[in-house]
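Residues per chain, in single letters:
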Amino acid sequence: MPFHAVSAGRAIPLLLGATLALGATPWLTPAAEANQAGQSQVLTAIRQVWPAAHHESAIRLARLESGLSPTARGCAGACLGLFQIHYSANRQLMAAMGIHTPDQLLDPIVNSTVAYRLFRESGWSPWGGQP
């Protein structure tokens, strides 16, 4: 059921995740608020792992690959997390890093760490070029 705002005696449906400005204070739906908190944690994870010179490109890449969702799954489930790391293709590298299960890639810090390692070894080529 959508949220509704009342304006001049009539209800106006709002999309989930929409912002409703009441005076000078914006109001966020609970889903939008949770999404903002989650994205804030994701951005913090990327910034903790990637050097400052690459923050914006890494964030842009993660946004393109997963919509900044740490639990994103692509490639029929083979690509996981923020940077859509292909588990099977990178299994040997990840095993050397202590990563032994695909679900570990759903942690934003782990996923960012693997992505940065791939970047250090191959530049942006694992993702088809610079974002």
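Scroll up a little and you will see the structure.
Residues numbered from 1 in each chain as written. Predicted model: local features only at pLDDT ≥ 70, side-chain atom pairs only at ≥ 80, totals over all residues. Heavy atoms only, no water.

*Asks:* What is the right way to look at the overall build of the chain in this model?
*Replies:* Helix and strand content of the chain: 4 helices and 7 strands. Along the chain, from the amino end to the carboxyl end, the secondary structure elements read β-β-β-β-α-α-β-β-β-α-α. For the chain, the share of sequence-separated contacts (at least 6 apart) that also reach a separation of at least 24 residues comes to 43%. In the form shown here, the chain has an accessible surface area of approximately 7700 Å², with 55% of it arising from carbon and sulfur atoms. (Helix = DSSP H or I, 4+ residues; strand = E, 2+ residues; numbered from the N terminus. Contact = heavy atoms within 4.5 Å. Areas by Shrake-Rupley, 256 points an atom, 1.4 Å probe, with all protein chains shown as cover.)

*Asks:* What exactly am I supposed to notice about the sheet that holds strand 6 (residues 79-80) here?
*Replies:* Strands in a sheet are paired, the pairing made by backbone hydrogen bonds, and the direction either parallel or antiparallel. Spatial ordering of the open sheet is given by 5-6-7, a layout of 3 strands whose pairing is antiparallel. With one partner strand each, in any of the chains shown, strand 5 (73-74) and strand 7 (85-86) form the two edges of the open sheet. Here 2 bridges tie strand 6 to strand 7, and the two strands are oriented antiparallel to one another. In the strand pairing of strand 7, Cys79 is matched with His86. (Pairing = 2+ DSSP bridges.)

*Asks:* Mind showing me how you'd approach helix 4 (residues 108-122) here?
*Replies:* In an α-helix, one full turn covers 3.6 residues, which means residues spaced three or four apart are oriented alike. Counted at 1.5 Å a residue, the expected span for helix 4 with its 15 residues is 21 Å, and the 21 Å between its end C-alpha atoms agrees. At the N-terminal end of helix 4, a side-chain oxygen is found 2.7 Å from the backbone nitrogen of Ile109, two or three residues along, and the residue is Asp107. At the C-terminal side of helix 4, Gly123 shows a positive phi close to 65°. (Expected span 1.5 Å × (residues − 1). Polar contact = N/O pair within 3.5 Å; in protein donor to acceptor, adjacent residues only side chain to side chain.)

*Asks:* Could you clarify how one ought to interpret the environment of Asn111 in this entry?
*Replies:* For Asn111, the location among the structural elements is in helix 4. Discounting chain neighbours no more than four positions away, the residues touching Asn111 are Leu80, Gly81, Leu82, Phe83, Gln84, Ile85 and Leu105.

*Asks:* Would you explain the nonpolar core in this entry?
*Replies:* Nonpolar side chains tend toward joint burial in soluble globular proteins. Counting residues in each nonpolar core, the largest one holds 25 residues, and the members touching the most others are Ile46, Trp50, Phe83, Ile85 and Trp127. Only helix 1 (30-49), helix 2 (55-66), helix 3 (91-96) and helix 4 provide two or more residues apiece to this core. Of all the elements, helix 4 adds the most residues to this core, at 5 residues. When neighbours within four sequence positions are excluded, Phe83 is seen to be in contact with Ile46, Trp50, Ala58, Leu61, Ala62, Glu65, Asn111, Ser112, Ala115 and Trp127. (Core = buried A, V, L, I, M, F, W, Y, C linked by side-chain atoms within 4.5 Å. Buried < 20%, exposed > 50% of the residue type's maximum accessible area, 1.4 Å probe, protein only.)

*Asks:* Teacher, can you tell me more about unusual backbone geometry here?
*Replies:* A negative phi angle is the norm for most residues apart from glycine, just as the trans form is the norm for most peptide bonds. Located in the positive-phi region is Cys75, a residue other than glycine, with phi close to 50°. Relative to the helices and strands, Cys75 is located in the loop between strand 5 and strand 6. One non-glycine residue with positive phi stands out, namely Gln84, at about 50°. The residue Gln84 is located in the loop between strand 6 and strand 7 in this model.

*Asks:* How should I be thinking about the environment of Thr71 in this particular structure?
*Replies:* Following the sequence through the fold, Thr71 ends up in the loop between helix 2 and strand 5. As a C-alpha pair, Thr71 and Leu106 span 35 residues in sequence and 5.2 Å in three-dimensional space.

That is the geometry; function is a separate question.
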